[in-house]
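Notes for the structure review
Residues per chain, in single letters:
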Amino acid sequence: MTSTIKTIGILGGGQLGMMLAQAALQLGYRCVFLEDADNAPASLYGQVFKSHELDKFIAASDVFTLEFENTPVDTARKLGELDNKGGLFPPADALQIAQDRLAEKALFNQLNINTVPYLSVSSLDELRNACQQLGLPLVLKTSRGGYDGKGQFVIKTANDIQTAWHELGDAVTGQGGLTSTPAPLIAEGFINFSREVSIIAVRAKNGDIRYYPLVENHHKNGILAKTIAPADNIAYLTEQAQSNIGKILTHLDYVGVLTLELFVTESGLIANEIAPRVHNSGHWSIEGAYCSQFENHIRAVTGLPLGDTQIAKPSVMLNVIGKYPDINQLLSIDGVHFHHYHKSERTGRKIGHITITADEPNAAVAAIEQLLD
Ligand code: ATP
Ligand code: MG
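Residues numbered from 1 in each chain as written. Chains lettered and ligands numbered in written order. Predicted model: local features only at pLDDT ≥ 70, side-chain atom pairs only at ≥ 80, totals over all residues. Heavy atoms only, no water.

Of all residues adjacent to ligand 1, which total 20 residues, the nearest are K141, D148, G149, E196 and E273. In this structure, E196 approaches ligand 1 through a side-chain N or O atom, which is 2.5 Å from an oxygen atom. Note that an oxygen atom of ligand 1 is positioned 3.0 Å from one of the side-chain N or O atoms of E261. Compared with its free state, where it exposes 600 Å², ligand 1 has 88% of that area covered by protein. Within the residue set of the shell around ligand 1, elements represented by two or more residues are strand 6 (138–142), strand 8 (185–189), strand 13 (256–265) and strand 14 (268–275). Class assignment of the residues belonging to the shell around ligand 1 gives a composition of six nonpolar, six polar and eight charged. (Near = heavy atom within 4 Å. Polar contact = N/O pair within 3.5 Å; in protein donor to acceptor, adjacent residues only side chain to side chain. Areas by Shrake-Rupley, 256 points an atom, 1.4 Å probe, with all protein chains shown as cover. Helix = DSSP H or I, 4+ residues; strand = E, 2+ residues; numbered from the N terminus. Nonpolar A, V, L, I, M, F, W, Y, C, P; charged D, E, K, R; others polar.)

The next thing to look at is the pattern of salt bridges. Inspection of every chain in the model, using the stated rule, returns 15 salt bridges. Residue E53 is joined to K56 by a salt bridge in which the shortest nitrogen-to-oxygen separation is 3.8 Å. Among the ionic pairs, R277 bridges to E69, the shortest N-O distance being 2.5 Å. Of this pair, R277 sits in the loop between strand 14 and helix 9 (285–288) while E69 sits in the loop between strand 4 (63–66) and helix 3 (73–81), placing them 208 residues apart in sequence. Like R277, the residue E69 is buried in the burial classification. (Salt bridge = Lys/Arg side-chain N within 4 Å of Asp/Glu carboxyl O. Buried < 20%, exposed > 50% of the residue type's maximum accessible area, 1.4 Å probe, protein only.)

Turning to the environment of H353, a few remarks are in order. Tracing the chain through its elements places H353 in strand 17 (residues 350–357). Exposure remark for H353: the relative accessible area of 0% places this residue in the buried category. Between the C-alpha atom of H353 and that of Q15, which follows or precedes it by 338 residues, the distance is 10 Å. Polar side-chain contacts of H353 include one of 2.7 Å to the side chain of Y341.

A separate point is the pairing of strand 11 (residues 215–220). Two faces, one strand: in a regular strand the side chains alternate between the faces of the sheet. Bridge analysis of strand 9 (residues 195–203) against strand 11 gives three bridges, and the strand direction is antiparallel. Residue pairing in the sheet places E196 in a bridge with N217 of strand 11. Two elements, strand 11 and strand 12 (residues 223–229), share five bridges in a ladder whose sense is antiparallel. Bridge pairing in strand 12 links E216 to I228. (Pairing = 2+ DSSP bridges.)

Quick look at the packing of aromatic side chains now. For the structure on display, the rule yields four aromatic pairs. Taking the centre distance of 6.2 Å and the plane angle of 90° together, the rings of Y212 and W284 count as edge-to-face. With Y212 in the loop between strand 10 (209–211) and strand 11 and W284 in the loop between strand 14 and helix 9, this residue pair connects regions lying 72 residues apart in the sequence. Each of the two residues, Y212 as well as W284, counts as buried. Each member of the aromatic cluster is reached from another via a ring pair, and the members are F49, F57 and F64. (Phe/Tyr/Trp six-rings, centres within 6.5 Å; stacked < 30°, edge-to-face > 60°.)

In structure tokens:
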């Protein structure tokens, strides 16, 4: 175990890695990245190694973390077990569970955290059976590799069953879909939620836990478009959300930032999924909280005391998706903080975000939403 950490090795080099590096540099650390994409956003902040250069990445790092949850678990486990390095945070077990919706839901149930009713599906017959048992509508999802709503099909009537199987069934044998790892599909009962919220928490090596406030998330075409921090009228659910994520953090002996996505229903919160990393619904915290999710993750990974997760200013975060807005118009609005990810424009791609901090943000938010349209 190294006693002093100078360089943090991050698995993945996207915008999350970029913002982790911004926080790390401020605290006196350097970052290097393991990432195969060219021109990755994080490359502006530290050296990027490709997967075939794993040995060099390891040599350059004192401790490891991740920003990309589809990192191979075997690689993660190997990094965590190197006895001349400071470990991998969060642990590889957390990554393994978060990569598999069935394992994730099983863990939630084991910890008495409410989920939708669900069934594993490996054949068209099992899908028909699931539709009968769970009732329609239901959501059929690949259990691995999904993001931004990809790898999902809502089955509304019995006529959709064949089409849904045709679209997603290949994932069962690893022939198609979003990863080449063969894995069953998951059929989930469709939830008529009133809204979607998430909670982000951070756990330190000594077991301390800090919780960010519950935030409200709005999606467009399956992609997160807007986060409101804090969520309105949510105090009555805070204890349940904190208890849920706290149980997961403790059970996994987790170190770092963890995100839990939740549905709000009449009977309380239903857990949807975890992300074992900093999360898009926490970007507001850079300007809106006393200590951001990125800084707190770096603090946890390097063994520093955790920072204050409370809201400093009410915030609204808007994702920049596909096309950059006019920066002159954007910055003429007070309370605007723009984060450019140095990515090229492409339909459906997250290329930046904007946080509006203001006690009354609605007018600014409406103006910016128009600029983004
Ligand atoms: P993201 O990357 O945005 O987190 P994802 O691809 O990991 O998305 P989910 O978060 O599971 O997938 O689902 C995406 C969205 O689809 C949810 O935010 C929610 O709006 C809707 N959804 C998912 N599961 C259900 C369900 N069982 N019932 C109703 N709506 C659902
Ligand atoms: Mg999700």
